[in-house]
Amino acid sequence: MVDDDKLFSKYSEMQRDLMSTLRLKDVLDTAVVRVSSLAEKAKVAIFLSDNESMAFRLMAAFGYSEKSINDMRLIPFSTESVLRFVVQQRSSVSFDEIAAAPRFSAQIMQQEGSAAQVALPLISANLLVGAMVLDLNAKRLVDEMGFLENVAHTVAMSIANAILFGCSEYERERLRTLYKSLCALSSNALRTSDVLRIATDTALILGNTPNCALLLFDPEKESFNLVAFKGLDGSSLNQFNLSGKHTIAGTTLKTGRSEYIGEGSSREPYGLPRATGGAAFGSVLALPLIYEHQPLGVLEVFSIERKGFQPEQIELLESFTRQVSTALHVAFTHESSVLQSIQDAHTGLFNRTHFEEALIKEVDRSDRHHHQLGLLLIDLDHLGQVNEHLGEQKGDEAIRQVAKTIKDSLREIDVVCRWGGEEFAVMLPETGLTAVLEVAERLRSRIRGSVVPGVGLITASIGVSTYPDNSEEPVGLVQAAEQALAVAKYQGRDRVIVSPAAQSSASDPAAWADLVKEAKLTVISERQSQLKSRLTVDPEYANWLGGGAGFSKKQNSDSSKVHD
């Protein structure tokens with residue numbers, strides 16, 4: 001450091017370069033290179049203080065061997081090194097003899113062949129930001145400690161500014177994410193699936209973690225249902241304790257406050273799944289989802305670190321979950337209203353309007369993907385007699401029980417609706433004729449085997465049609481199934497009849513048309529006969545009433561004579 005002009009020029013260049021950026025990585029990389037140049041190609045390492053783990057973390061290094069870099073990645077404050085003096089005394093320290101240096105520093109000096117080692121505290125606003133270590137090639141540079149301290153002060157100021165800028169950018173980004181998520185929730189609040197997706201995606205950003213889960217509360221079972229998650233190991237989900245009692249989720253929902261388990265907590269995480277890859281979680285934050293005192297569920301975010309979440313993160317997540325609660329309530333309310341509009345209130349099945357719309361979509365999908373499709377029309381036999389002799393209440397009970405029997409016998413992708421009074425319709429996507437007939441026969445058998453209390457045996461007639469054999473249009477499919485159903489009732493009921501166009505060897509179309517016509521006429525005749533049998537009671541009642549009325553008239557006439 002003999003040429004002061006040259007040295008001042010290099011120092012000015014370092015200041016200019018450090019002031020030209022606010023990115024922490026750029027500041028660190030520039031600092032180690034420039035300081036090395038100022039200190040005659042010394043090896044330079046910059047550490048930042050981690051007060052939570054009570055250690056220095058290596059952030060940038062220049063000139064060191066790979067082994068020394070690995071050794072210096074994390075140095076606890078208590079380690080016997082020059083950094084220990086920095087923490088304790090907040091002042092610079094140097095050693096120009098390996099024998100006099102602390103054990104860890106002596107090890108690094110020996111590995112690097114250093115003539116001396118210097119540690120300089122990086123202090124800004126009276127806070128220890130970190131430390132800078134120089135392994136010098138010449139002992140005489142130790143005498144320039146005052147100049148090196150000025151260099152360290154410049155580096156400390158630049159690092160502090162970069163850290164503040166990074167924190168503000170991070171907070172700004174998180175607030176922007178929060179704002180965008182709230183806008184997304186507002187525009188997608190009518191679909192529960194969208195709300196769940198936005199909630200989990202945003203939780204990862206605000207919590208700065210790849211792991212989270214959203215649980216919805218089931219008040220009847222007093223437990224939770226896992227409805228969405230990110231970053232959880234699928235094989236460990238059976239370890240997830242979803243009980244509403246004695247769990248962090250249950251406590252959170254009961255108290256209505258966020259619950260945290262991790263460093264500084266008296267409890268240990270338990271009953272949790274694992275992170276993708278199998279790592280155990282060191283901390284968990286549970287946030288309640290409550291709308292106007294109504295418990296909806298819990299959002300849980302996880303971290304493999306013991307102290308995974310900072311207070312400012314928790315505060316942002318709490319603000320976000322309040323909005324998620326409102327969005328979930330709106331979505332639940334909307335979907336409930338939609339469900340009521342497409343649902344038969346008596347049976348809980350879809351109504352005919354929804355079924356017809358679903359049939360149109362499924363026929364279109366089957367056409368595009370070249371799939372087959374089955375349609376069943378089911379009519380309960382002689383239910384009118386049940387209503388007439390046992391009362392409509394018993395008839396309603398029979399309809400509800402048959403509806404449940406049908407629904408329980410089908411796949412999730414199958415669609416069943418209440419087609420009319422005692423009629424049901426079933427749509428079987430991606431199902432060929434053979435399988436359709438098997439399903440139809442199974443339904444007929446189960447309906448017959450399900451005795452209705454207070455009513456007894458109920459049987460059903462079933463008409464079958466398939467796409468594309470019977471028709472490539474929804475209306476044609478329904479007409480074919482209706483014709484088959486009429487024939488089933490005409491031929492004795494309690495049976496399955498398939499439209500002949502769907503059979504492997506089709507019957508004579510004219511003969512089928514005549515059969516359908518005769519069947520429909522017979523069914524109409526039966527209904528008229530039943531209606532006539534009910535109406536014959538009315539004239540008899542009228543005659544009786546007329547006779548009674550005449551008696552009353554005579555009685556009145558006699559009374560008038562007495563009064564006279």
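### Comments concerning the side chain of S124
Point 1. Assignment of secondary structure puts S124 in strand β5 (residues 116-124).
Point 2. With relative accessibility at 13%, the residue S124 sits in the buried group.
Point 3. Those residues in contact with S124, other than ones at most four positions away along the chain, are V129, A156, M157 and A160.

### Observations regarding the side chain of K43
Point 1. With respect to the helices and strands, K43 occurs in strand β1 (residues 43-50).
Point 2. Accessibility expressed as a relative area gives 16% for K43, which makes it buried.
Point 3. In this structure the side chain of K43 is engaged in a polar contact, spanning 2.9 Å, whose partner is the backbone oxygen of E112.
Point 4. K43 has contacts with F62, G63, Y64, E112, V133, L134 and D135, leaving out every residue within four places of it along the chain.

### Let's talk about the sheet that holds strand β3 (residues 74-76)
The strands making up a sheet associate through backbone hydrogen bonding, with each pair oriented either parallel or antiparallel.
Point 1. On the basis of which strands lie adjacent, the open sheet formed by six strands has the order β3-β2-β1-β6-β5-β4 and antiparallel pairing. In this open sheet, the two edge strands, each paired with only one partner strand, are β3 and β4 (93-95). Averaged over neighbouring strand pairs, the angle between their axes works out to 25° when direction is ignored.
Point 2. Lying over the sheet, helix α2 (residues 24-38) contacts β1, β2 (55-62) and β6 (127-136), oriented at roughly 65° with respect to β2.

### Quick word on the sheet that holds strand β8 (residues 223-230)
Point 1. Across the sheet, which stays open at both edges, the five strands sit in the order β8-β7-β11-β10-β9 with antiparallel pairing between neighbours. The open sheet has two edge strands, β8 and β9 (259-261), and neither has a second partner. Adjacent strand axes in the sheet meet at a mean angle of 20° when their direction is disregarded.
Point 2. Note: strand β7 (residues 211-218) against β8, seven bridges, orientation antiparallel. Looking at the pairing, D218 lines up with S223 of β8.
Point 3. With respect to the sheet, helix α8 (residues 248-255) is in contact with β7, β8, β9, β10 (283-291) and β11 (294-303), its orientation differing from that of β10 by roughly 40°.

### Focus: the nonpolar core
Looking at soluble globular proteins, one finds that nonpolar side chains tend to be buried together.
Point 1. Within the largest apolar cluster, 36 residues are counted, with the highest numbers of intra-cluster contacts made by M132 and L134.
Point 2. Elements supplying a minimum of two residues to this core: α1 (4-19), α2, β1, β5, β6 and α6 (145-187).
Point 3. For M132, the residues in contact, after removing those within four places along its chain, are V35, V44, A45, I46, V118, A119, L120, L122, V151 and A152.
Point 4. L214, L285, V301 and L328 belong to the second largest nonpolar core, which has 30 residues in total.

### Structural notes on the packing of helix α11 (residues 383-390) against helix α12 (residues 392-408)
The angle between the axes and the distance between the axes are what describe a pair of packed helices.
Point 1. Interhelical geometry of α11 versus α12 gives an angle of 145° and a closest axis separation of 6 Å. Of the residues in α12, those touching α11 at L383, V386, N387 and L390 are E392, K394, G395, A398 and I399.
Point 2. In the contact of α11 with α12, the residues fall into five nonpolar, two polar and two charged.

### So, the environment of A501
Point 1. Counting through the fold element by element, A501 comes out in the loop between β16 (496-498) and α15 (509-535).
Point 2. Taking the C-alpha atoms as reference points, A501 and S471, separated by 30 residues in sequence, lie 8.8 Å from one another.
Point 3. Setting aside its immediate chain neighbours within four residues, A501 contacts D469 and N470.

### Digging into unusual backbone geometry
Point 1. Cis geometry marks the peptide bond from Y467 to P468, where omega comes out at 5°.
Point 2. Structurally, P468 can be placed in the loop between β15 (460-467) and α14 (474-490).
Point 3. Phi at H293 takes a positive value of approximately 70°, unusual for a residue other than glycine.
Point 4. Positionally, H293 belongs in the loop between β10 and β11.
Point 5. Look at H293 and you get exposed, because its relative accessible area is 80%.
Point 6. Phi is positive for H382, which is not a glycine, with a value near 55°.
Point 7. Looking at the element boundaries, H382 is found in the loop between β12 (373-380) and α11.

### Here's the deal with the pattern of salt bridges
Point 1. Inspection of the entire model under this criterion finds 27 salt bridges.
Point 2. Two residues, D201 and K230, come together in a salt bridge whose shortest N-O distance is 3.1 Å. In this pair, D201 is assigned in helix α7 (residues 192-207) and K230 in strand β8, connecting sequence segments 29 residues apart.
Point 3. For E441, the salt bridge is made with R444, and the minimal N-O distance between the two is 2.5 Å. With a gap of three residues between them, E441 and R444 both fall in helix α13 (residues 433-449), about one helical turn apart.
Point 4. On the accessibility criterion, E441 (34% relative accessible area) is partly exposed.

What counts, and at which threshold
Residues numbered from 1 in each chain as written. Predicted model: local features only at pLDDT ≥ 70, side-chain atom pairs only at ≥ 80, totals over all residues. Heavy atoms only, no water. Helix = DSSP H or I, 4+ residues; strand = E, 2+ residues; numbered from the N terminus. Buried < 20%, exposed > 50% of the residue type's maximum accessible area, 1.4 Å probe, protein only. Contact = heavy atoms within 4.5 Å. Polar contact = N/O pair within 3.5 Å; in protein donor to acceptor, adjacent residues only side chain to side chain. Pairing = 2+ DSSP bridges. Axes fitted to C-alpha atoms, helices over the stretch in contact; angles between N-to-C directions. Core = buried A, V, L, I, M, F, W, Y, C linked by side-chain atoms within 4.5 Å. Nonpolar A, V, L, I, M, F, W, Y, C, P; charged D, E, K, R; others polar. Salt bridge = Lys/Arg side-chain N within 4 Å of Asp/Glu carboxyl O.

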